[in-house]
Amino acid sequence: MQEYDYDVLVIGAGHAGTEAALAAARLGARTALLTGNLDTVAQMSCNPAIGGVGKGHLVREIDALGGAMGKAIDATGIQFRMLNVRKGPAMYGPRAQADKRLYQDEVKRIVEEAPNLHLRQEKGVELLSEEGRITGVRVESDAIYRASAVVLACGTFMRGMIHFGPLQYPGGRTGEAAVSGISESLLRLGIELRRFKTGTPARLNGKTIDYNRLERQDGDPNPRPFSFMNDSLDVDQIPCWMTWTNPDLHEYIRNNFSRAPMFTGQITSKGPRYCPSIETKIDRFGNKERHQIYLEPESRRTNEVYINGLSTSFPRDIQDRIVSMIAGLEKAQIMRYAYAIEYDYASPDQLKKTLETKKIQGLFFAGQINGTTGYEEAAAQGLIAGANAALQAAGRAPFIPERDEAYMGVMLDDLITRGVDEPYRMFTSRAEYRLLLRQDNADRRLTPLGWKCGLVDSARWEKYQIKAAEIEKIAALLNSVHDEHGSLMKYLRRPETEWKNMIEKLPALAEVSFDVAEQVEIDAKYEGYIDRQKIDIERQKRLFQRKIPESFDYRDLVHLRAEAKEKLEKIRPMDLGQASRITGITPADIAVLLVFLDKKEDNQ
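Summarised in this report is the structure supplied together with it. Remember, it's a predicted structure, so these values are computed and weren't measured experimentally. (Residues numbered from 1 in each chain as written. Predicted model: local features only at pLDDT ≥ 70, side-chain atom pairs only at ≥ 80, totals over all residues. Heavy atoms only, no water.)

## Description of the overall build of the protein
Scanning the protein from terminus to terminus reveals 20 helices and 23 strands. Taking all 604 residues of the protein together, 57% fall into the buried category. Residue pairs at least 24 apart in sequence account for 72% of intrachain contacts in the protein once pairs closer than 6 positions are excluded. Total accessible area on the protein stands at roughly 25900 Å², and carbon and sulfur atoms take up 48% of it. With 83 positive and 85 negative side-chain charges, the protein shows a spacing of 3 Å between the two charge centroids. (Helix = DSSP H or I, 4+ residues; strand = E, 2+ residues; numbered from the N terminus. Buried < 20%, exposed > 50% of the residue type's maximum accessible area, 1.4 Å probe, protein only. Contact = heavy atoms within 4.5 Å. Areas by Shrake-Rupley, 256 points an atom, 1.4 Å probe, with all protein chains shown as cover. Lys, Arg positive; Asp, Glu negative; His and termini not counted. Charge placed at Lys NZ, Arg CZ, Asp CG, Glu CD.)

## Side note on the sheet that holds strand S2 (residues 8-11)
Read across the open sheet, the five strands follow the order S7-S3-S2-S11-S21; overall the sheet is parallel. Since the sheet does not close on itself, it has two edges, and those belong to strand S7 (117-121) and strand S21 (363-365), each with one partner. The average undirected angle you get between the axes of adjacent strands in this sheet is 20°. Bridge count between S2 and strand S11 (residues 149-152): four bridges; the pairing is parallel. Pairing of Leu 9 across the sheet is with Val 150, part of S11. (Pairing = 2+ DSSP bridges. Axes fitted to C-alpha atoms, helices over the stretch in contact; angles between N-to-C directions.)

## Observations concerning the pattern of salt bridges
Across all of its chains, the model carries 49 salt bridges by this definition. Glu 251 is paired through a salt bridge with Arg 254; the nearest N and O atoms lie 3.4 Å apart. Of this pair, Glu 251 and Arg 254 both sit in helix H6 (residues 247-255), separated by three residues, roughly a single helical turn. A relative accessible area of 40% places Glu 251 in the partly exposed class. With a shortest N-O distance of 2.9 Å, Arg 403 and Asp 414 are connected by a salt bridge. With Arg 403 in the loop between helix H10 (375-393) and helix H11 (407-418) and Asp 414 in helix H11, this pair connects stretches of sequence that are 11 residues apart. For the pair Arg 403 and Asp 414, one class covers both residues: buried. Linked through salt bridges whose partners overlap, the residues forming this network are Lys 353, Glu 402, Arg 403, Asp 413, Asp 414, Arg 418, Glu 432 and Arg 581. (Salt bridge = Lys/Arg side-chain N within 4 Å of Asp/Glu carboxyl O.)

## Let's talk about the nonpolar core
One finds Tyr 103, Leu 152, Leu 186 and Leu 363 to be the most contacted residues of the largest nonpolar core, which totals 114 residues. Sort the elements by how many residues they give to this core and H10 lands first, with 11 residues. Leave out the neighbours within four places in its chain, and Tyr 103 touches His 15, Ala 42, Met 44, Ile 50, Met 69, Ala 72, Ile 73, Thr 76 and Ala 98. Core analysis: the next-biggest nonpolar cluster, separate from the first, contains 26 residues, Leu 204, Ala 260, Ile 278 and Ile 334 among them. (Core = buried A, V, L, I, M, F, W, Y, C linked by side-chain atoms within 4.5 Å.)

## Looking at the side chain of Asn 205
With respect to the helices and strands, the residue Asn 205 is situated in strand S14 (residues 193-205). Not counting chain neighbours up to four residues away, the residues in contact with Asn 205 comprise Asn 303, Gln 333 and Met 335.

## A closer look at helix H3 (residues 69-76)
Across the eight residues that make up H3, a large majority, six, are buried. Taken together, the buried positions of H3 are occupied by Met 69, Gly 70, Ala 72, Ile 73, Asp 74 and Thr 76.

## Structural notes on unusual backbone geometry
Residue Asp 142 is not a glycine yet carries a positive backbone phi of 75°. In this structure, Asp 142 sits in the loop between strand S9 (133-139) and strand S10 (144-146). Asp 142 gets classed as partly exposed once you look at its relative accessible area, which sits at 38%.

## Overview of the sheet that holds S9
Strands sit in the order S1-S10-S9-S8 across an open sheet of four strands; the sheet is mixed. Each of the sheet's edge strands pairs with one partner strand only, and the pair in question is strand S1 (3-5) and strand S8 (124-130). Each strand axis lies, on average, 25° off the axis of its neighbour in the sheet, ignoring direction. When S9 meets S10, the two strands line up antiparallel, connected through three bridges. In the strand pairing of S10, Arg 138 is matched with Ile 144.

## Description of the side chain of Asn 256
Tracing the sequence through the fold places Asn 256 in the loop between H6 and helix H7 (261-264). Of the residues examined, Asn 256 reaches a relative accessible area of 14% and is grouped as buried. Beyond its immediate chain neighbours, meaning those up to four positions away, Asn 256 contacts Phe 314 and Ile 318.

## Section: the packing of helix H2 (residues 55-64) against H10
At a closest axis distance of 9 Å, the pairing of H2 and H10 adopts a crossing angle of 30°. Classified by the angle between their axes, H2 and H10 sit roughly parallel to one another. As for how H2 packs across H10, the hand of that crossing is left-handed. Counting all contacts with H2, which are made through Lys 55, Leu 58, Val 59 and Ile 62, the residues of H10 involved are Glu 376, Glu 377, Ala 379, Ala 380 and Leu 383. Taken together, the residues that form the contact of H2 with H10 break down as six nonpolar, no polar and three charged. (Parallel < 35°, antiparallel > 145°, perpendicular 65-115°, else oblique. Left-handed = near helix turned anticlockwise from the far one by under 90°. Nonpolar A, V, L, I, M, F, W, Y, C, P; charged D, E, K, R; others polar.)

## Focus on the packing of aromatic side chains
Applying the stated rule across the entire model yields 11 aromatic pairs. Ring geometry for Phe 257 versus Phe 263: centroids 4.3 Å apart, planes at 15°, classification stacked. For the cation-ring pair, Lys 505 lies above Tyr 491, with the distance from its terminal atom to the ring centre recorded as 4.7 Å. (Phe/Tyr/Trp six-rings, centres within 6.5 Å; stacked < 30°, edge-to-face > 60°. Lys NZ or Arg CZ within 6 Å of the ring centre and 35° of its normal.)

## So, the state of the cysteines
Under the definition given, this model contains zero disulfides. Left unpaired, Cys 154 is separated from the closest cysteine sulfur, that of Cys 46, by 19 Å. For Cys 154, a relative accessible area of 11% gives the class buried. (Disulfide = S-S within 2.5 Å.)

## A few points about helix H13 (residues 458-480)
Counted at 1.5 Å a residue, the expected span for H13 with its 23 residues is 33 Å, and the 33 Å between its end C-alpha atoms agrees. Considered for burial, the residues of H13 that qualify are Arg 460, Trp 461, Tyr 464, Lys 467, Ile 471, Ile 474 and Leu 478. (Expected span 1.5 Å × (residues − 1).)

## A word on the environment of Ile 582
Along the chain, Ile 582 falls in the loop between helix H19 (576-580) and helix H20 (587-602). Here Ile 582 falls in the buried class, since its relative accessible area comes to 4%. Placed 169 residues apart in sequence, Ile 582 and Asp 413 show a C-alpha to C-alpha distance of 9.6 Å. Contacts of Ile 582, omitting those with residues within four sequence positions, involve Thr 417, Lys 567, Leu 568, Ile 571 and Pro 573.

## Regarding the pairing of S8
As defined by bridge partners, S8 adjoins S9 across six bridges and the pair is classed as antiparallel. Its bridge partner being in S9, Gly 124 is matched across the sheet by Val 139. Between the end of S8 and the start of S9, which pair antiparallel, lie two residues, with Glu 131 showing a positive phi angle near 50°.

Geometric descriptors of this kind do not, in isolation, establish any biological role.
Structure follows, in structure tokens:
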């Protein structure tokens, strides 16, 4: 039997797996990335887009830590837009349509060229472990890959079941086989598995769409890059289009609920609340007369068009009729039919914040296996899991961004502390410190942390240092130059003042880059709010910085409620702050825990 030795193994080469493998390799770990099909590395199984509100923040954070997603979409995007520009900067969300074929080719190229990383077409079928520690993976050909750290990033492939009307058949996605052995291995290791559902819309032949009946949506005239390594983008952008459902269509769907697997009992798992199927949407929002439908081109080189907002598991004839009842799509031809898929996931409260399982040392989870949905959420988890797998293999301290440092930290804490009862999606509303966690300052927040632990290379670090020094220099200049009304910094703080007004006052500012000017302006205008949030963070840290020993026995707390004991034993929080965020834990429970910790320290 052939055996291969590595420091880190990553199973699955989707958005989570590629970022995991790249992060581990950047940290010097000899890494193998195993996938059942080399032609589907980083495939966009659903929407051909990267970013959005909340999601765009994650992409910028991934990039600030040296990840691939931002660079790949900058190189292959076909339309770029900044969402929520009428709101404050904390709510801005960069989003880009991708040429999906070029995107996956670009990520595959990055993976193939990465030092320390071997990309192999292998299908993992069994996890190997000894005495509570992972030791490797057996693949379909009976070869063994050995490693002290394994990252599982299997997407929807774990016992995946596809639903297309009344038809049901195993599959990880259409045209690709599901994986059963990994689920069986996890169950044997004592990992609890549950089921979620997701789906994808149909794709249309763009030549059969009547664009004259649609509303055109163009990209921003001056598109902004996702990657902090790119100063600008030179891209020939392609328009997207918008149309609407209508009351007649809604009535047709209602009359055919009896043929929808979501309503017949065929599909029993819960799907993503914020990306529901069209039949669920019509049922849930019965009073709405219409819903938006976005038509998004999938590539410059094909005619396939993605129907954003029309996910479904209806059978073929119903899908044909639904599409024909939408304005502009009356004669549109479906090239690929929509379908739903049910798959295994592991409740994330079985993990540590490093994304390592609590039961099996060296086994890490990333992506949809943790109950999340979305490319960006998966990629962010992949980076964290891959980094921590490599750090653990090297005997180094873990990398765990906190809630006040990154949206990644918010997501980690939400998953581990609160668990999931529906597929988790990132929103800006999940972050209590979102004014600090803006998409524009992800490098200022995270690149120094990435440099310190080894995730960031010297080129990125040098570029960041130049930018940081320029921000400091320009801020000092504005504080030192005065006019009849006071310093120019004071003038910039006025809500009505724009950077062009600053250039009128001091023409030399015309040479300042957009990124630097933006940071100086936001720092000035929101200084009071930012300082207030920082004070709140410090207050919370002082209150909740008390660490809880990993071996702490909550059963010793006589005055603690039985429900609180059960939840604390299951989650095993790292500190009082995390304990306080567990669903069902009350301030009184925290008070009891604090008193007991004080007594225990006094007796030592």
